[in-house]
Amino acid sequence: MIRRLRNAVLLIYIVVTAYGVALWPGSRYEAFAAVNEKFFSHRPVALSSSRILTENRLALLERTPSVSRKKGTPVAARKDAVAGAVKQRYVRLRWARIGSSKLDSRHKLPSVLTVKKPYPTIRMHMVRTMTEDSATSVKKMQAVKKKPKLIRTEPSRDRKIKKFRTVWRPWFGNLLQRFSWGGQVYDIYSTPLSGDDYETTNIAGFGLNAGAGTFILEPWIALIDGNVNLTASRSDAESYDSSNLGLASFLRLSVFPQSRFPFGVFYGIGTNQTDYGDYSVSNDTSRYGFTQLYAPADGANYSLRYDKLFTDTVSSGEDRSSNQQENLNNEQENIDLSISKRLGKHDLAFQATSNNSVTTGITAETEQARVTLDHDYTPWAGLTFDNNANFFRDKNISGSGGLQGEEVVSGFTRDVFQLTSYSYLTPASSPWRANFGARYLLYIDKVENSFKGESLGGGSTESSNANLNAGLNYDFGRNLRGNASVNANRDVSTARTSNSFDQNVGLSYGSDTIPLFGMDYSWQYGTNLFNLTSDYESSFSIRTNLGHGLTKDYNLFKESSLALSFSQGYYVDHRSAGSAIGTSVSSNDAFTNSDDRLTHSASVAFSTRSMNTRSSFRLSGTDTRERGVVFREGGTVYQALNFFAVFDMLMGKYQVLTGSFNIRNTTNNVNKEKSYTRSVSSGGSASYRHGKAFGVRGLRFTSRMDVAEDYKLIPSFGGGERQSTLEWNNELTFKIGRLETAAMFRMYRTNGTDRNLLLFRVMRTFGM
């Protein structure tokens, strides 16, 4: 641990020293302003903290030529004094004031800026420019967001051009301003009032976190930030005592964050140790990596991310199990590459990811890799092509039956290849739409076993699927629609090869709402013809559904409404099928199946609200009956009844009461009560919250009760089973500033078994 902390401190020192020497203020600001503008002027400067001193560039002020000038005559800034590099002449300002004149961030730079203070004294407040002009020989101005400083200018000897003083502040001064720290100290004491699952426990601990960040000379050159977190806790219980200590640190450097090619590198280390009496487990982690982005002017985007994680686990002590390893090392490596580019009417996207994990001490290794290529092409409006290629690898190696080197090692690798191509034709203002598609999918599975380096055998299997499909949708009118589709499949595996061809034609109709008996009536109809021909089965089916319903909404009184709905649906699936060889159906194995299903459903919903109360409930029921089923003689009856209610009430300025309740009863009867199942489930919850209990400010009380009961009856199994739970939580919290105390009482009952717990918590936070 000490070695890792030393390495982290050394790394921070090297980075800070290198940049501090390279960017020492002996070099003038103009040397950095000469960087190629095309890389740094296309993005606004975004600062992560308002305490960072913003750098500004102002146009050179030139004195207005005149023969004579009276005292108090304002000085004008000519528009042509602004460098020609800023062609749009837009200036976005946080706020700006020159004398008493203001600039709006949505307007262009005026031709003349009038300063109401006479020359040579000009007082300016903060001007935060979001458009960079690196070609001008301007000087630095600094400003603080909360309390803008006034900067006085002095004229040069030629009395023509006024220059501002270059104010420089070392970057480590900004580091101190961005330093933040915080933490908490807590103690939790819990004791059981009843129940064998609980025991008296006391947990005490604290946490400390600190972070800092700054920029080097300017935010667009480099940003540095880092943090350190320290946690410690101790648990004293009746059965055992334990303690935990953890330390983690993280450092990140971003170079040219506002350019087209921002680069970032990060490094972090951490250690965690847990002691269980004489037995202890320690985990040391280290992680490093980098990110590189590139967004050239042609609209392409490139991104690369790499990170590596090391974890060392060491266990020691007398209680260590005999089959547990003393050292367990894990190494993870992740790579992510992404490229996207638009070429006219073509959109290209490429992504490759790799995730590897290797654990020593035991045999465990995983490897996952994915490569994806997307191509979208839109030759004209209404026609789109979507092409995709995928490769995925999943590899797992694991050992079992002994220690490393003496165990049986099993390896499984699956490679998946997929090629898809879909096209969509949707002409504008046309009643029809068409789609075409093709897909090829290949699986390759490999299994290998070995013992002491010698192979125990294995094998590999391949399976593939090829599919061609086409579809057409046509709107005959506002209510009548038709559809048709064709699919061709070929499945190839080690066991068999199967070819199938299916066609589907459908028609659907949905009516408009019609007034009927003071209610709104609508109906719908649909039918589908489906035909399948394959090497092993051929079938033909007609699927028809017909439904209609009534709905009505009533406004009973102010802020209250009642909604009623009734519906009925009929569905029939008439199917004839049989085994087949090629395309000839064997009449001996053919059968005809007609599945008829009739469904009735109804619901009533009521809702009301007032100034302080809202409530609603809904009661719904459904009855479904099937008949003429070949495999279920006598048919099936399914019935369900459901009730749900919810409410919330504002009882006072600081008091809120909420609750909900539901109950559901279902019955499933198959084969004339030969298979009968009934289940009833119910549950409810209620909560009460008071934000100022007993009139004490900062004292909050919360009480919540949850009740649930499930009952299931299966006569064929000889009876039923019932399970009920009751949970009641009461919590009282009091907070004064950063000190928070809490007391909680929890009662939990399951099937007559009680478990009651009393808990106290004290926590104090500090820092930012």
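Nothing here was measured: the structure is a model prediction, and the numbers come from that model.

A. Main features of the overall build of the protein. Looking only at helices and strands, the protein features four helices and 39 strands. By residue count, 27% of the 768 residues in the protein fall in the buried class. A separation of at least 24 residues holds for 56% of the contacts in the protein among residues at least 6 apart in sequence. When the accessible surface of the protein is summed, it comes to about 46,000 Å², and 56% of that surface belongs to carbon and sulfur atoms.

B. How the structure looks around the side chain of Thr413. Looking at the secondary structure, you find Thr413 in strand β21 (residues 408–425). In contact with Thr413, other than residues within four places in its own chain, are Arg393, Asp394, Lys395, Ile444, Asp445 and Lys446.

C. Quick look at the pattern of salt bridges. Under the definition given, this model contains 23 salt bridges. Close ionic contact of Arg704 with Asp706 constitutes a salt bridge, the shortest N to O distance being 3.2 Å. Note that Asp754 is salt-bridged to Arg749, the shortest N-O span being 2.5 Å. When its relative accessible area of 29% is taken as the criterion, Asp754 is described as partly exposed. Through salt bridges with shared partners, a single network forms among Arg287, Arg305 and Asp307.

D. Geometry of the environment of Asn390. Position of Asn390 relative to the elements: it lies in strand β20 (residues 383–400). The sequence separation of Asn390 and Thr372 amounts to 18 residues, and the corresponding C-alpha distance is 4.7 Å. Beyond its immediate chain neighbours, meaning those up to four positions away, Asn390 contacts Val371, Thr372, Val416, Phe417 and Gln418. Among the polar contacts made by the side chain of Asn390, one reaches the side chain of Asn388 at a distance of 2.3 Å.

E. Local environment of the environment of Met651. Inspection of the secondary structure assignment puts Met651 in the loop between β33 (636–650) and β34 (655–670). Judged by relative accessible area, Met651 falls into the partly exposed class, the value being 44%. Here the alpha-carbon distance between Met651 and Thr613, two residues 38 residues apart in the chain, equals 8.6 Å. Once you skip the residues sitting within four places of it in the chain, Met651 turns out to touch Leu657 and Tyr688.

F. Examining a nonpolar patch on the surface more closely. Nonpolar side chains collect at one region of the surface, where Phe179, Trp181, Val185, Phe206, Leu208 and Met768 lie side by side and expose about 570 Å² of accessible area between them. When residues of the nonpolar patch are traced back to their parent elements, those giving at least two are β10 (180–194) and β11 (201–215). Assignment of secondary structure puts Phe206 in strand β11. What makes Phe206 partly exposed here is its relative accessible area of 35%.

G. Here's a closer look at the pairing of β33. The sheet contact formed by strand β32 (residues 613–627) and β33 spans 14 bridges and is antiparallel. Each residue of the ladder has a partner; that of Glu626, found in β33, is Thr636. Judged from the 15 bridges that link them, β33 and β34 form a sheet pairing that is antiparallel. Looking across to β34, one finds that Thr636 is bridged to Val670. Connecting the antiparallel pair β33 and β34 is a turn made up of four residues.

H. Representation of the nonpolar core within the structure. One finds Ile216, Leu217, Trp220, Ile221, Ala222, Ile224, Leu251, Leu253 and Val255 forming the largest nonpolar core, which totals nine residues. Counting residues per element, the ones that place at least two in this core are β12 (222–237) and β13 (241–255).

I. Quick peek at the packing of aromatic side chains. Taken as a whole, this structure holds 17 aromatic pairs when the rule is applied. A centroid spacing of 6.3 Å and a plane angle of 25 degrees characterise the contact between Tyr276 and Tyr279, whose relative ring orientation is stacked. Ring geometry for Phe606 against Phe617: centres 5.8 Å apart, planes inclined by 40 degrees, an arrangement best described as tilted. Of the two residues, Phe606 sits in strand β31 (residues 591–609) while Phe617 sits in strand β32, which places them eleven residues apart along the sequence. Seen from the ring of Tyr536, Arg496 lies directly overhead, with NZ or CZ sitting 4.3 Å from the centre. A cation over a ring is seen here: Arg543 above Phe530, with NZ or CZ 5.2 Å from the ring centre.

J. Main features of the confidence of the model for the protein. Taken residue by residue, the protein gives an average pLDDT of 77. The fraction at 70 or more is 70%. Least confident of the elements in the protein is strand β4 (residues 97–98), whose mean pLDDT is 32; most confident is strand β24 (residues 480–492), at 96. Every residue in residues 18–171 is under pLDDT 50, and counting partners more than four places away or in other chains gives 238 contacts. Across residues 320–325, confidence stays below pLDDT 50; counting only partners more than four residues off in sequence or on other chains, it has nine contacts.

K. Looking closely at the pairing of strand β19 (residues 364–380). Here 14 bridges tie strand β18 (residues 346–360) to β19, and the two strands are oriented antiparallel to one another. When the bridges of β19 are listed, Thr353 appears paired with Arg370. Counting the residues that bridge the hairpin from β18 to β19 gives three residues, and of these Gly361 lies at a positive phi of roughly 105 degrees.

L. Quick look at unusual backbone geometry. Despite not being glycine, Ser429 shows a phi value in the positive range, around 55 degrees. With respect to the element layout, Ser429 can be found in the loop between β21 and β22 (432–451). The backbone of Phe694 sits at a positive phi, close to 55 degrees, despite the residue not being glycine. Tracing the sequence through the fold places Phe694 in the loop between β35 (675–690) and β36 (699–714). For Phe694, a relative accessible area of 74% translates into the label exposed.

Thresholds applied
Residues numbered from 1 in each chain as written. Predicted model: local features only at pLDDT ≥ 70, side-chain atom pairs only at ≥ 80, totals over all residues. Heavy atoms only, no water. Helix = DSSP H or I, 4+ residues; strand = E, 2+ residues; numbered from the N terminus. Buried < 20%, exposed > 50% of the residue type's maximum accessible area, 1.4 Å probe, protein only. Contact = heavy atoms within 4.5 Å. Areas by Shrake-Rupley, 256 points an atom, 1.4 Å probe, with all protein chains shown as cover. Salt bridge = Lys/Arg side-chain N within 4 Å of Asp/Glu carboxyl O. Polar contact = N/O pair within 3.5 Å; in protein donor to acceptor, adjacent residues only side chain to side chain. Patch = residues over 30% accessible without salt bridge, like charges linked within 9 Å, V, L, I, M, F, W, Y side chains within 5 Å. Pairing = 2+ DSSP bridges. Core = buried A, V, L, I, M, F, W, Y, C linked by side-chain atoms within 4.5 Å. Phe/Tyr/Trp six-rings, centres within 6.5 Å; stacked < 30°, edge-to-face > 60°. Lys NZ or Arg CZ within 6 Å of the ring centre and 35° of its normal. pLDDT = per-residue confidence, 0-100.

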